[in-house]
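Letter by letter, the chains look like this.
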Amino acid sequence: MYPTVESIITLVVALGAGVIGGMLGLGGGFLIVPYLSLFLGLPMQKAAGTSLFTTFFTSLSATLTYAYQRRIDYVVGIIIGLAAAFGAFLGAYLTQFLSSNILRIIFGVVALYAGFNMVFKGRKTKTKDFSKNFFLLETFVYKRTLIDNKRERFEYSVDLIVVFIASFAIGLLAGLIGIRGGSLEVPFLTLVAGIPIHVSIATTVFMGIFCSSAGSIVHFILGNISYPTVVFLCIGVFVGGHLGARTSRKIKAGKLRKIFGFIILIIALRMIIPFF
């Protein structure tokens, strides 16, 4: 494949990953990692590092758009962002001790479970009532209310201890496989924490800035960034992230949850079964 053709394909893949990632809070790694690993033939460690580096730009672009829409829960976002950042830092460091096949299987199995639950077990979240969710300690349960720039109201309650612990684990896995963590964070916030999916997506995108930054630093030190491929990826995901975030608010919650689930199921199967 000629470099010019490869660069164009990379840019298109990144644009698509940015659009879907910004729309669903995924960051883009769910498409970029398989593309780099299976299509370009990069080792999984290098594919993970390059992907995680580019997801920072997806997060930044989409966060600016969601901030304008006023759909980000900054309190939850900072908590899960810091927890995921610590996890991603550790996960990125551990990639040098694990084989590519193990990382691919870990990604596939966890994403398969998350996608299945989003499609077949996702509950409808009501915006007028506080949701009843799993709480570890009632002391750290906070009731949250958000009103976006279109005056749509979101009300929910969330256990900050539960989201912190879960986000650390999600960040750890994200650092291992080169994703921002949205493929697992959004299902967790929606199905377990009980946060409306539009707010979950916007907050997860904001969280991705922390997670991708921490993991990218380690991958950069370890030499797991592929040049010049990363340049075209960053350009594509930045533009796509903005477009995806603008599209997200136009889709109803139930449909958005199912779209998210189906995409995760497909990617999970593709990573588990190389010739699926």
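First, a word on what this report is: a plain description of the structure on this page.

Definitions and limits used
Residues numbered from 1 in each chain as written. Predicted model: local features only at pLDDT ≥ 70, side-chain atom pairs only at ≥ 80, totals over all residues. Heavy atoms only, no water. Helix = DSSP H or I, 4+ residues; strand = E, 2+ residues; numbered from the N terminus. Buried < 20%, exposed > 50% of the residue type's maximum accessible area, 1.4 Å probe, protein only. Axes fitted to C-alpha atoms, helices over the stretch in contact; angles between N-to-C directions. Parallel < 35°, antiparallel > 145°, perpendicular 65-115°, else oblique. Left-handed = near helix turned anticlockwise from the far one by under 90°. Contact = heavy atoms within 4.5 Å. 1 Å grid on protein atoms, 1.4 Å probe; cavity = no way out; pocket = protein on both sides within 12 Å on 5 of 7 lines; lining within 4 Å. Points joined across faces, edges and corners; volume = space filled by probe spheres on them. Salt bridge = Lys/Arg side-chain N within 4 Å of Asp/Glu carboxyl O. Core = buried A, V, L, I, M, F, W, Y, C linked by side-chain atoms within 4.5 Å. Phe/Tyr/Trp six-rings, centres within 6.5 Å; stacked < 30°, edge-to-face > 60°. Patch = residues over 30% accessible without salt bridge, like charges linked within 9 Å, V, L, I, M, F, W, Y side chains within 5 Å. Areas by Shrake-Rupley, 256 points an atom, 1.4 Å probe, with all protein chains shown as cover.

### Focus: unusual backbone geometry
Phi is mostly negative for residues that are not glycine, and the peptide bonds are mostly trans.
Here comes step 1: With an omega dihedral of 0°, the bond running from Tyr227 to Pro228 counts as a cis peptide bond.
Here comes step 2: Looking at the element boundaries, Pro228 is found in the loop between α8 (197-221) and α9 (229-248).
Here comes step 3: The phi dihedral of Arg70 falls on the positive side, at around 60°, and the residue is not glycine.
Here comes step 4: The topology assignment puts Arg70 in the loop between α3 (44-69) and α4 (74-94).
Here comes step 5: At Arg151, a residue that is not glycine, the phi angle is positive and equals roughly 70°.
Here comes step 6: Judged by relative accessible area, Arg151 falls into the exposed class, the value being 63%.

### Regarding the packing of α3 against α9
Here comes step 1: Look at α3 against α9: their axes get within 8 Å of each other, and the N-to-C directions meet at 30°. With respect to their mutual orientation, α3 and α9 come out roughly parallel. α3 and α9 meet at a crossing whose hand is right-handed. Contacts between α3 and α9 involve Thr50, Phe53, Thr54, Phe57, Thr58, Leu60, Ser61, Ala62, Thr65, Tyr66 and Gln69 from the former and Val230, Leu233, Cys234, Val237, Phe238, Gly241, His242, Gly244, Ala245, Arg246 and Ser248 from the latter.

### Quick look at the layout of surface pockets
Here comes step 1: By volume, the largest pocket is sized at about 230 Å³.
Here comes step 2: Taken together, 11 residues make up the lining of the largest pocket; nearest its centre are Tyr113, Ala114, Pro187, Phe188 and Val192.
Here comes step 3: Within the residue set of the lining of the largest pocket, elements represented by two or more residues are α5 (100-120) and α7 (182-192).
Here comes step 4: Ranked by the residues each element gives to the lining of the largest pocket, the list is headed by α7, at 5 residues.

### Things to note about the pattern of salt bridges
Here comes step 1: Inspection of every chain in the model, using the stated rule, returns 5 salt bridges.
Here comes step 2: For Arg71, the salt bridge identified is with Glu152, shortest N-O distance 2.8 Å. In this pair, Arg71 sits in the loop between α3 and α4 while Glu152 sits in the loop between β1 (141-147) and β2 (153-159), placing the two residues 81 residues apart along the sequence.
Here comes step 3: Look at Arg71 and you get buried, because its relative accessible area is 3%.
Here comes step 4: We note a salt bridge from Arg153 to Glu155, for which the minimum N-O separation is 2.8 Å.

### As for the nonpolar core
Here comes step 1: Membership of the largest hydrophobic core comes to 54 residues, with the highest contact counts inside it found for Tyr66, Val163 and Ile195.
Here comes step 2: Counting 9 residues, the second largest nonpolar core, distinct from the first, contains Ala14, Ala17, Leu42 and Leu233.

### Observations regarding the packing of aromatic side chains
Centre-to-centre distance and the angle between the planes together describe a pair of aromatic rings.
Here comes step 1: A full pass over the atoms with the stated rule returns 4 aromatic pairs.
Here comes step 2: Seen in terms of ring centroids, Tyr74 and Phe206 are 5.2 Å apart; in terms of plane orientation they differ by 80°. Their pairing is edge-to-face. Residue Tyr74 is located in helix α4, and its partner Phe206 is located in helix α8; the two are separated by 132 residues in the primary sequence.
Here comes step 3: Every member of this aromatic cluster is reached through a ring pair, and the members are Phe53, Phe56 and Phe57.

### Some remarks on a nonpolar patch on the surface
Here comes step 1: Taken together, the side chains of Tyr74, Ile78, Leu82, Phe86, Leu90, Tyr93, Phe97 and Phe168 make up a nonpolar region of the molecular surface, amounting to roughly 790 Å² of accessible area.
Here comes step 2: In this fold, Tyr93 is placed in helix α4.
Here comes step 3: On the basis of relative accessible area, Tyr93 is assigned to the partly exposed category, the value being 42%.

### Examining the side chain of Ser200
Here comes step 1: Along the chain, the position of Ser200 falls in helix α8.
Here comes step 2: Leaving out residues up to four positions away in the same chain, Ser200 has contacts with Val186, Leu189, Thr190 and Ile195.

### What about the environment of Thr58?
Here comes step 1: Among the structural elements, Thr58 can be located in helix α3.
Here comes step 2: According to the relative accessible area criterion, Thr58 is buried, its value standing at 0%.
Here comes step 3: Each C-alpha atom, one on Thr58 and one on Cys234, is 7.8 Å from the other, the two residues being 176 residues apart in sequence.

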